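Survey of secondary and tertiary structure
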Amino acid sequence: MAKTYGLRLTALLATGAAVVALMLPTSVEAQISTTRHNLGSAGPAGNNTISGTDEVCVFCHTPHAASSASAPLWNKTLPTTTYTTYSSTTMEAALSNDAGGAIGSVSIACLSCHDGSQAMNSVINAPGSGFGTGSIAGNWTVGNGPTPVLANGVLGVGIGNLTADLSNDHPIGIQYCGGGPTSASPAAACNDGDFKVPTSTAIGNLQVFWVDTGNATNARQKTDMILYTRSFAAGAGPSVECASCHDPHTSANPTFLRISNAQSAVCLACHVK
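Residues numbered from 1 in each chain as written. Predicted model: local features only at pLDDT ≥ 70, side-chain atom pairs only at ≥ 80, totals over all residues. Heavy atoms only, no water.

Regarding the overall build of the protein chain
The secondary structure content of the protein chain amounts to 4 helices and 7 strands. Listed N to C, the secondary structure of the protein chain is α-β-α-β-β-β-β-β-β-α-α in terms of helices and strands. Sorting the 273 residues of the protein chain into buried and exposed places 36% on the buried side. Contacts in the protein chain between residues far apart in sequence, at least 24 positions, make up 53% of those at least 6 positions apart. Working note: accessible area of the protein chain is about 14500 Å², and carbon and sulfur atoms make up 60% of it. (Helix = DSSP H or I, 4+ residues; strand = E, 2+ residues; numbered from the N terminus. Buried < 20%, exposed > 50% of the residue type's maximum accessible area, 1.4 Å probe, protein only. Contact = heavy atoms within 4.5 Å. Areas by Shrake-Rupley, 256 points an atom, 1.4 Å probe, with all protein chains shown as cover.)

Brief notes about the pairing of strand S4 (residues 199–203)
In the sheet, S4 pairs with strand S5 (residues 206–211) via 5 bridges, with the strands oriented antiparallel. Residue pairing for S5: serine 200 is matched across the bridge by phenylalanine 209. The antiparallel hairpin formed by S4 and S5 contains 2 residues in its connecting segment, where glycine 204 sits at a positive phi of about 65°. (Pairing = 2+ DSSP bridges.)

Quick word on the sheet that holds strand S6 (residues 225–232)
One open sheet holds the 5 strands; their spatial order is S3-S7-S6-S5-S4, and the pairing between them is antiparallel. At either end of the open sheet lies a strand with only one pairing partner, and these are strand S3 (174–175) and S4. In terms of strand pairing, S5 meets S6 through 3 bridges, oriented antiparallel. The partner of tryptophan 210 across the bridge, within S6, is isoleucine 226.

Written as structure tokens, this is what we have:
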């Protein structure tokens, strides 16, 4: 009897362990430590990494002495680059009139690495240093991704280095759907019917906007197209930024897209075509 019970218990534990093992890839996949944005020495094989630290978050965030970027507690000096932005005769959207104009919100945080103007290990507050040490000292190991680093830690050629010429990239810092929804009237229809009307709610004292991607909930999810509240002539309203389509913390989809782009799902999440 005891032997039979022991065998059953062993089998049950083995089954449980197998279930946990099956669950792990899904939960781990959503973590930044497994993505190319882990630049620390313990980053995955094939990453660009630096020997100076095994920390993950420090390359972008710091709890103290952060920059003034709209991104949370940003740990990089904002570039002073003059950018050439996208424009076309068919674009029916105003640029933000925030300080900094079109390049002045969450997108500037992305560009502080992705315009190739400064090294990826150039930070305001290096790990364990106190304030303002300027960089993470160490040696770079070049990964085999599409955008290797140069000897000085700057992103090399490839899609990861957008340079200062953004005229051939999706526009950023522009009002969504030609304007219409504002914090004063968040339920207003879009001025441009070629776009889906965004969802809106108040979080704290901020009106937030997003385009629902069909996750069957009224709450904003990381897999929705996130719109960022910025200032326009008509008032505060939703703006399209780099992180509207890309989530830098997960590589569940290629190029950090918030959802799979199978059958152009990313484009068609917002555009009515």
